[in-house]
Amino acid sequence: MAESTCGCALLDICPDRPCSSLMAIESSPLSLRSFRVAHDSLDEEIDLSLQKSDEVGHNDIHLEVMGQWKDTLYPDIYGVPESLMTLLSQTIRIANERELLHRSTTVDTNVLQDLEKRASLLEQYILSWEPPSRPHPSLISHSAIESSEDSDNHTPHLLMRAMHQALILFYYRRIPNISALILQDTVRNCLDFLQRSDNARAESVSNDTAILWPGFFAACEALDPDLQRGLLDWLITTGHRTSLSSFSAAAKTAQMVWDARDKAKDHTLSWFDVMRHERCPIIAT
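Since the model is a prediction, treat every value here as computed from it, not as a measurement. (Residues numbered from 1 in each chain as written. Predicted model: local features only at pLDDT ≥ 70, side-chain atom pairs only at ≥ 80, totals over all residues. Heavy atoms only, no water.)

Across all of its chains, the model carries seven aromatic pairs by this definition. Between Phe-170 and Phe-217, the aromatic rings sit 5.2 Å apart at their centres with planes inclined by 70°, giving edge-to-face as the arrangement. Here Phe-170 is found in helix H7 (residues 155-174), whereas its partner Phe-217 is found in helix H9 (residues 212-221), with 47 residues between them in sequence. An angle of 25° between the planes, with centres 5.7 Å apart, marks the rings of Trp-213 and Phe-217 as stacked. Linking Trp-213 with Phe-217, this pair stays in helix H9, spanning four residues, or about one helical turn. Taking the relative accessible area as the measure of exposure, Phe-217 reaches 1% and is therefore buried. The positively charged end of Arg-174 is found above the aromatic ring belonging to Phe-272, 4.5 Å away from the centroid. (Phe/Tyr/Trp six-rings, centres within 6.5 Å; stacked < 30°, edge-to-face > 60°. Helix = DSSP H or I, 4+ residues; strand = E, 2+ residues; numbered from the N terminus. Buried < 20%, exposed > 50% of the residue type's maximum accessible area, 1.4 Å probe, protein only. Lys NZ or Arg CZ within 6 Å of the ring centre and 35° of its normal.)

Structure follows, in structure tokens:
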């Protein structure tokens, strides 16, 4: 999913919009799905409380359908709840639709209105999101099972919080394209959760966990030199700890964004604006 966060903006890809969502009877789960909003979903309400059937849950690997699935594997794979990944997927889809609308010589006002309504509802879901009160078993470390006190300071919970802050950043930069100046408190919160997560990991016996995306996105949106240094240090240190080269690539990309933004004197300039010229997507999982 993560390489599609750059979506249509980066690679000039214009995939067809699916005619129907996976929830539709006539929709084939074998058909190629794109990170767009299906025609029959444009004017539908967004409902994160929807319970997915097993058939939809098994086939909805890119989280096209808003809702919950009891047998989800996202917590096992990514270490974060499916609800958070679903909100990310929906943000990508709306952002891609808006990007393609802006490229078009003609604009369907009905589609535009439906997208604006959908984006507003999605914003409410993102801002009001809270970690699940009963975490998935894979999100509970051995030390957390032994001592359930102060669960808010366990590594999985803090990583969820960091992902949530990064998602807020992603939404406001990718859809309304708000200036990064307004979002610095959110960048600071993301860094704080990442650092606290590292501290909790060092003090526990749980498995090592590292997710690049929140650190990468927060770093790209950091304007304050102290925040930039803190996030750059986190990316480099985590890369050394995990021996994953993607962290080093992300650190270099963030520095490219800072340089480009300083030269342009434009705080709305984002990482996909910079990297579209490189035509090189970064996979940040």
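Picking up after the structure, the text goes on.
Applying the stated rule across the entire model yields 11 salt bridges. A salt bridge links Arg-241 to Asp-198; its shortest N-O distance comes to 3.8 Å. Of the two residues, Arg-241 is situated in helix H10 (residues 225-242) and Asp-198 in helix H8 (residues 184-203); the sequence distance between them amounts to 43 residues. The residue Arg-229 makes a salt bridge to Asp-226 at a minimum N-O spacing of 2.2 Å. Of this pair, Arg-229 and Asp-226 both sit in helix H10, three residues apart, which is roughly one turn of the helix. Looking at Arg-229, the relative accessible area reads 52%, which means it is exposed. (Salt bridge = Lys/Arg side-chain N within 4 Å of Asp/Glu carboxyl O.)

Turning next to the confidence of the model for the chain. Averaged over every residue, the pLDDT of the chain is 80; the share at 70 or more is 74%. Counting interchain partners and residues more than four positions distant, the pLDDT-below-50 stretch residues 1-7 has 26 contacts. pLDDT under 50 marks residues 140-149. Its contacts with residues more than four places away, or in other chains, come to nine contacts. (pLDDT = per-residue confidence, 0-100. Contact = heavy atoms within 4.5 Å.)

Right, let's talk about the packing of H10 against helix H11 (residues 245-264) for a bit. At their nearest, the axes of H10 and H11 sit 8 Å apart, and the two run at 160° to each other. Relative to H11, H10 is oriented roughly antiparallel. H11 is crossed by H10, and the crossing has left-handed handedness. Across the interface between the two elements, Gln-228, Leu-232, Trp-234, Leu-235, Ile-236, Thr-238, Gly-239 and Thr-242 of H10 pack against Phe-247, Ala-250, Ala-251, Gln-255 and Trp-258 of H11. The residue makeup of the contact of H10 with H11, split by class, is eight nonpolar, five polar and no charged. (Axes fitted to C-alpha atoms, helices over the stretch in contact; angles between N-to-C directions. Parallel < 35°, antiparallel > 145°, perpendicular 65-115°, else oblique. Left-handed = near helix turned anticlockwise from the far one by under 90°. Nonpolar A, V, L, I, M, F, W, Y, C, P; charged D, E, K, R; others polar.)

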